[in-house]
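Analysis of the macromolecular model
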There are 2 protein chains.
Amino acid sequence: MRPNKRGELVRKALDLFYGNGFHATGMDLVAAETGVSKTSIYKHFRSKEELILAVLKLRDEDFRTWLYTRLEARADTPRGQLEALFDVLQEWFEQPGFQGCMFIKASAEYQSPDDPINLQSADHKQVLQAHFAHLAAGAGASDPDALARQLMVLKEGAIVLAALTHSSAPARDARAAAAALIEQAIG
Amino acid sequence: MRPNKRGELVRKALDLFYGNGFHATGMDLVAAETGVSKTSIYKHFRSKEELILAVLKLRDEDFRTWLYTRLEARADTPRGQLEALFDVLQEWFEQPGFQGCMFIKASAEYQSPDDPINLQSADHKQVLQAHFAHLAAGAGASDPDALARQLMVLKEGAIVLAALTHSSAPARDARAAAAALIEQAIG
DNA sequence: ATGTTTATTTACCGATCTGTTAAGTTATAT
DNA sequence: ATATAACTTAACAGATCGGTAAATAAACAT
């Protein structure tokens, strides 16, 4: 398989899993939609689980790169980027294909605490929280970790409700709440 | 089927779906675990989807009854109940079988916007939000709906993160955030 | 040109999926 | 006692699940 063909496969599999769910998307469909035969898929991934893990890895990279880039485009100070978080998330919610957070959905379908899919999803959230804590520290927050955790709560809540209501309105509610919390934590 | 036998069936199906997921739980397993034959199940529910909808209806009643009861046990004023919300949620997170919000998981697996399962999940959130708005109005909030929406964002975020991290810590972060928002909205 | 690897198609495996059919059992009501 | 309904077991569809084996075609190096 050409090296970039594998990337196309994972990327297309991402769309299928994201749009239809993990259990509901069979490997036959993945093969049909990617044009890669099932035999070839299983040459590169020993199981469906391994393919899902590769998909989640790609999603983590894509999403974090996109988020960080959009935050930097909106503000060049740590505090400004924290305040811009829910404006950027609102952009995401308003994109045509928005269907919620892939990691939340993955851990909802594979909820055993020691399932690799669950662990990798938890890791994604951990990396994001560390980034927010880094920004909070740069902005001079008295307790950067606490502010980061609070922003994470708002972020996950906004994503879930935006997906459930098919509306970007929760981003505005979260934005208002975040502004108050940031003001309180930094001054 | 005896009238209470049907209730036992739905209740046991709830446990199975909640613990294993919806697609991952087959009707054969439901029949085996409930002791109700598959034929009898299909006498009362025309499809798996109808059973799931009955399960969600039961969950909505159970959860809201439990939540309202616990809130009233902790405070007898609207504002007090709003402030107690995340203490009560923390109780939930620390219960042995806690596995996140069933409605979020249901809408994650059946994400088509017009899927009855998705619509019923959205309805549950709507009813809860209306209750919070009622409390906020009783507490004298200047914009009760806005406060209710913000609390919903915190609530969903706390639930998702508690499930993902297998910890009740997000309840404390959400509690602190909620206290600031309530103080700001009511004074 | 020839041998070797690499990828593809096609068909298949056993298990499980939702849902049904047919025949037998149990309980209830008259 | 007997008719009727409720419920059971058991087997069966037809489709799909994740995953493989064998045969074929294309790319490659020598």
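The rules we used
Residues numbered from 1 in each chain as written. Chains lettered and ligands numbered in written order. Predicted model: local features only at pLDDT ≥ 70, side-chain atom pairs only at ≥ 80, totals over all residues. Heavy atoms only, no water. UniProt positions renumbered as here; feature names shortened; annotations may be inferred. Helix = DSSP H or I, 4+ residues; strand = E, 2+ residues; numbered from the N terminus. Contact = heavy atoms within 4.5 Å. Buried area = accessible area lost by both parts, 1.4 Å probe. Salt bridge = Lys/Arg side-chain N within 4 Å of Asp/Glu carboxyl O. Polar contact = N/O pair within 3.5 Å; in protein donor to acceptor, adjacent residues only side chain to side chain. Nonpolar A, V, L, I, M, F, W, Y, C, P; charged D, E, K, R; others polar. Core = buried A, V, L, I, M, F, W, Y, C linked by side-chain atoms within 4.5 Å. Buried < 20%, exposed > 50% of the residue type's maximum accessible area, 1.4 Å probe, protein only. Domains from an automatic or database assignment. Least-squares fit on C-alpha atoms with pLDDT ≥ 70 in both. Phe/Tyr/Trp six-rings, centres within 6.5 Å; stacked < 30°, edge-to-face > 60°. Lys NZ or Arg CZ within 6 Å of the ring centre and 35° of its normal. Expected span 1.5 Å × (residues − 1).

Feature annotation in UniProt places "DNA-binding region" (unreviewed entry) on residues 26-45 of chain A, given in this structure's numbering. When the span residues 26-45 of chain A is considered, its composition is 75% helix and 0% strand, and the gap between its end C-alpha atoms is 14 Å.

All right, on to the interface of chain B and chain A then. It is common to report an interface's size as the accessible area lost on association of the parts. Contacts between the two partners involve 38 residues from chain B, matched on the other side by 38 residues from chain A. Summed over both partners, the interface of chain B with chain A comes to about 3,000 Å²; 68% of that surface belongs to carbon and sulfur atoms. Arginine 149 of chain B is the partner of aspartate 173 of chain A in a salt bridge, and the nearest nitrogen-oxygen pair spans 2.9 Å. Summed over the shared surface of chain B and chain A, the result is 8 residue pairs in polar contact (both at pLDDT 80 or more). By residue number, the principal contributor to the side of chain B that touches chain A is helix 8 (residues 144-165) of chain B, which donates 11 residues. Per-class residue counts for the side of chain B that touches chain A are 19 nonpolar, 13 polar and 6 charged.

In this structure, Leu154 of chain A together with Leu154 of chain B are the most contacted members of the largest nonpolar core, which totals 132 residues. When residues no more than four places from it in sequence are discounted, the contact partners of leucine 154 of chain A are Phe86, Ala174, Ala177, Ala178 and Leu181 of chain A together with Val153 and Leu154 of chain B.

Residues and elements named next belong to chain A. Parsing chain A into structural domains produces domain 1 (1-45) and domain 2 (57-186). On a C-alpha basis, the centres of domain 1 and domain 2 stand 28 Å from each other. Across the boundary between the two partners, domain 1 contributes 9 residues, which contact 13 residues of domain 2. Between domain 1 and domain 2, the buried area comes to about 1,000 Å², and carbon and sulfur atoms account for 61% of it. The largest share of the area that domain 1 buries against domain 2 comes from Leu14, Tyr18 and Phe22, three residues that together contribute 66% of it. The interface formed by domain 1 and domain 2 contains 1 salt bridge. The partner of aspartate 62 in a salt bridge is arginine 11, with the nearest N and O atoms 3.0 Å apart. Summed over the shared surface of domain 1 and domain 2, the result is 7 residue pairs in polar contact (both at pLDDT 80 or more). The class makeup of the residues in the side of domain 1 that touches domain 2 is 5 nonpolar, 3 polar and 1 charged.

Glancing now at the relation of the copies chain B and chain A. After a rotation of 180 degrees and a shift along the axis of 0.0 Å, chain B superposes on chain A with an RMSD of 0.0 Å. Such a turn and shift between the copies fits a two-fold axis. Among all residues of chain B, the minimum C-alpha distance to the rotation axis is found for glycine 157 of chain B, at 1.8 Å. When you check the interface residues of chain B against chain A, 100% turn up at the interface there too, and the contact is symmetric in its surfaces.

Below, the discussion takes up unusual backbone geometry. Even without a glycine there, the phi angle at histidine 166 of chain A is positive, about 55 degrees. By secondary structure assignment, the location of histidine 166 of chain A is in the loop between helix 8 (144-165) and helix 9 (169-186).

Right, let's talk about the pattern of salt bridges for a bit. All names here are of chain A. Going through the model one piece at a time under the given rule, you end up with 28 salt bridges over all chains. Salt-bridge contacts for arginine 175 lead to aspartate 87; the nearest nitrogen and oxygen are separated by 2.7 Å. Highlighted residues: arginine 175 in helix 9 and aspartate 87 in helix 5 (residues 78-93), separated in sequence by 88 residues. Overall, aspartate 87 belongs to the buried group, its relative accessible area being 19%.

This next bit is on the packing of aromatic side chains. The geometry of an aromatic ring pair comes down to the distance between the two centres and the angle between the two planes. Tallied over the full model, the rule gives 14 aromatic pairs over all chains. Summarising the aromatic geometry, the rings of phenylalanine 17 of chain A and phenylalanine 22 of chain A are spaced 5.3 Å apart at their centres and angled 25 degrees between planes, so their arrangement reads as stacked. For the pair phenylalanine 17 of chain A and phenylalanine 22 of chain A, a shared accessibility class is recorded, and that class is buried. An angle of 45 degrees between the planes, with centres 4.9 Å apart, marks the rings of phenylalanine 93 of chain B and phenylalanine 98 of chain B as tilted. A relative accessible area of 6% means that phenylalanine 93 of chain B is categorised as buried. Here phenylalanine 98 of chain B falls in the buried class, since its relative accessible area comes to 13%. Counting every residue linked through ring pairs, the aromatic cluster contains Phe63, Trp66, Trp92, Phe93 and Phe98 of chain A. Lying across the ring of tyrosine 18 of chain B, arginine 59 of chain B places its NZ or CZ 5.0 Å from the centre.

Glancing now at helix 8 of chain B. Residues and elements named next belong to chain B. With 22 residues, helix 8 should cover 32 Å at 1.5 Å per step; its first-to-last C-alpha distance of 31 Å lies within 8% of that length. Across the 22 residues of helix 8, 17 count as buried, placing the element largely inside the fold. Directly beyond the C-terminal end of helix 8, a positive phi value near 55 degrees is found at histidine 166.

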